[in-house]
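What the coordinates show
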Amino acid sequence: MSQRVYNFSAGPAMLPLAVLERAQKELLSHGDSGQSVMEMSHRSSEYEAIHFKVEKDLRELLNIPENYTVLFLQGGASLQFHMIPLNILKQGEKAAVIVTGNWAKKALAGIKEVGLVDVLASSEDKNFSYVPKVADKDVSAYKYVHYVSNNTIYGTRETSIPPINHPLIVSDMSSDILSREIDVSKHGIIFAGAQKNMGIAGLTVVIIRNDLLDLVDPSTPEFLKFSTHAKAQSLFNTAPTYAIYMAGLVLEWIKDLGGLKAMEALNKAKADRLYNYLDASNFYETTAAKEDRSWMNVTFKTSSEDLDKALVKKCDAAGLVNTKGYRTVGGLRCSIYNAMPMEGIEALIEVLEQFKKENA
Ligand SMILES: *Cc1c(COP(=O)(O)O)cnc(C)c1O
């Protein structure tokens, strides 16, 4: 086997080695079933045991209240930009979005195709390098307010739930779910694609307060109603069985580490180590406002695009891959999700320090 790299990709992202090894061990026969999870009927008792254990572990880790339903869907986080307004907005009702980056803009565009929507606040004036303040905003006219908890492309995050007084807050947690403790009960809906911090592509988790399941217009196509999937316990049609199984392995890995409190402490230590190095370097410059910096996606640059390019190359050669920044930000973006070990951060800093010595 060729040597494994440290993968700083924004998504799909690296998985914990222990999770991959376990999947490998169980690949040909899950338990004593004599078959791979990939080959199992989604109606079999073996599969159902996996399915409901994943839900149980997710509820436990995120401390999801009883009056919330967990859904395992497909269509990516992107389908939720349409599915949520389809289920929640009645004719004439309006949503609002806190526009903190590309994914918030996509949500805005998605909602616009289905109903009415306003920008509550935006940080586009400074290329989304900060998170706008919303405490003084009047949100009483809106059916729901959508925010992105971590801005994958720009490397910013909401340090806590936006301080707005609204009964229906929707959060896209695709790039930081399970990275820190969150208060689910302060939200109406939380959703996240699994491929960044929860597993592999093909699964989207939606956590929805039960009273919201009944808002949908009866004429909405059956498949697009949350209530359809809730009634069927996410087995209305063939579920993304292997992606759900992989998410289960990731959840067990987090539980073994000590749960979200321990995960959060590890993530803070990793982010602190990298940002502290960059801040002290006198060579690298981070692109996000200090108080809003993401613990998951670290965006920074050198003094020139040519140097940035050379640095990405040097990282590649050292087995630190996918460090190139998104084109609207430039520089580098190193994604350090749950699965990135501290050793990966240390290896990155070593290369950054060498590069600095060669080019300062
Ligand atoms: C990656 C990402 C998405 C898109 O996820 P898909 O599963 O590809 O649709 C949406 N929101 C955020 C915050 C993301 O990071």
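See the structure shown above.
Quick summary incoming for the structure in this document. (Residues numbered from 1 in each chain as written. Predicted model: local features only at pLDDT ≥ 70, side-chain atom pairs only at ≥ 80, totals over all residues. Heavy atoms only, no water.)

Another point: the state of the cysteines. Taken as a whole, this structure holds zero disulfides when the rule is applied. Its sulfur unpaired, cysteine 315 is 6.1 Å from the next cysteine sulfur, which belongs to cysteine 334. (Disulfide = S-S within 2.5 Å.)

Extensive coverage of strand β12 (residues 297–301) is indicated by the burial of four of its five residues. Of the strand pairs in this sheet, strand β11 (residues 285–286) and β12 are connected by two bridges, and their pairing is antiparallel. When the sheet's bridge partners are listed, glutamate 285 is paired in β12 with lysine 301. Alignment of β12 against strand β14 (residues 332–335), held across four bridges, turns out to be antiparallel. Paired with asparagine 297 across the two strands is serine 335, which belongs to β14. (Buried < 20%, exposed > 50% of the residue type's maximum accessible area, 1.4 Å probe, protein only. Helix = DSSP H or I, 4+ residues; strand = E, 2+ residues; numbered from the N terminus. Pairing = 2+ DSSP bridges.)

Let us look at the packing of aromatic side chains. Under the counting rule described, the total for this entry stands at eight aromatic pairs. Relative to phenylalanine 355, the ring of phenylalanine 283 lies with its centre 6.3 Å away and its plane at 65°, an arrangement referred to as edge-to-face. Placement of the pair is phenylalanine 283 in the loop between α7 (259–280) and β11 and phenylalanine 355 in helix α9 (residues 342–359), with a sequence separation of 72 residues. Here phenylalanine 283 and phenylalanine 355 have matching classes, each one buried. Plain terms: the ring middles of tyrosine 284 and phenylalanine 300 are 5.9 Å apart, the flat faces sit at 85° to each other, and that makes the pair edge-to-face. (Phe/Tyr/Trp six-rings, centres within 6.5 Å; stacked < 30°, edge-to-face > 60°.)

Our next topic: the sheet that holds strand β4 (residues 116–122). Picture the strands of a sheet paired through backbone hydrogen bonds; they go either parallel or antiparallel. What the seven strands build is an open sheet, ordered β2-β10-β9-β8-β5-β3-β4; its pairing is mixed. Bordering the open sheet on either side are β2 (68–73) and β4, each of which pairs with just one other strand. Averaged over neighbouring strand pairs, the angle between their axes works out to 20° when direction is ignored. Here four bridges tie strand β5 (residues 144–148) to strand β8 (residues 169–172), and the two strands are oriented parallel to one another. Counted as the bridge partner of valine 148 is aspartate 172 from β8. The strands that helix α2 (residues 45–62) touches are β2 and β10 (204–209); relative to β2, the one it contacts most, it runs at about 130°. (Axes fitted to C-alpha atoms, helices over the stretch in contact; angles between N-to-C directions. Contact = heavy atoms within 4.5 Å.)

This brings us to the site of the ligand. Inspection of the region around the ligand gives 13 residues, with Ser78, Thr152, Asp172, Gln195 and Lys196 positioned closest. Between an oxygen atom of the ligand and a main-chain N or O atom of alanine 77, the distance comes to 3.0 Å. Contact distances for the ligand include 2.5 Å between an oxygen atom and a side-chain N or O atom of threonine 152. Burial of the ligand by the protein amounts to 87% of the accessible area it has alone, namely 390 Å². (Near = heavy atom within 4 Å. Polar contact = N/O pair within 3.5 Å; in protein donor to acceptor, adjacent residues only side chain to side chain. Areas by Shrake-Rupley, 256 points an atom, 1.4 Å probe, with all protein chains shown as cover.)

Here we take up the pattern of salt bridges. The tally for this structure, following the rule as stated, stands at 21 salt bridges. The partner of lysine 225 in a salt bridge is glutamate 222, and the shortest N-O contact between them spans 3.4 Å. Lysine 225 sits in the buried class, given a relative accessible area of 10%. Residue glutamate 346 pairs with arginine 273 through a salt bridge whose shortest N-O separation is 2.8 Å. One end of the pair, glutamate 346, is in helix α9; the other, arginine 273, is in helix α7, and 73 residues separate them in sequence. On the basis of relative accessibility, which here comes to 32%, the residue glutamate 346 falls in the partly exposed class. We classify arginine 273 as partly exposed; its relative accessible area is 33%. If you follow the salt bridges from partner to partner, you end up with Arg22, Glu26, Lys53, Asp57, Glu60, Glu252 and Lys255 in one network. (Salt bridge = Lys/Arg side-chain N within 4 Å of Asp/Glu carboxyl O.)

Here the focus is α2. Taking 1.5 Å per residue, 18 residues should reach 26 Å; α2 reaches 26 Å between its end C-alpha atoms and fits that length. Here α2 has its buried residues at Tyr47, Ile50, His51, Val54, Glu55, Asp57, Leu58, Arg59, Leu61 and Leu62. Considering only its buried residues, α2 is in contact with β2, β10, α6 (241–257) and α7. Positive backbone phi, approximately 55°, marks asparagine 63, located one or two places after α2. (Expected span 1.5 Å × (residues − 1).)

Remark: helix α3 (residues 76–88) packs on helix α4 (residues 102–114), axes separated minimally by 8 Å, with the N-to-C direction vectors making an angle of 40°. With respect to α4, the element α3 is oriented oblique. As for the relative orientation of α3 and α4, their crossing is right-handed in sense. Seen from α3, the contacting residues are Ser78, Phe81, His82, Pro85 and Leu86; seen from α4, they are Trp103, Lys106, Ala107, Gly110, Ile111, Glu113 and Val114. For the contact of α3 with α4, a count of residues per class yields seven nonpolar, three polar and two charged. (Parallel < 35°, antiparallel > 145°, perpendicular 65-115°, else oblique. Left-handed = near helix turned anticlockwise from the far one by under 90°. Nonpolar A, V, L, I, M, F, W, Y, C, P; charged D, E, K, R; others polar.)

What follows is about the side chain of threonine 220. Considering the arrangement of structural elements, one finds threonine 220 in the loop between β10 and α5 (226–231). Within the local environment of threonine 220, its side chain forms a polar contact with the backbone oxygen of aspartate 217, the two atoms lying 2.8 Å apart. Every residue in contact with threonine 220, bar those within four places of it in the chain, is listed here: Leu86 and Lys225.

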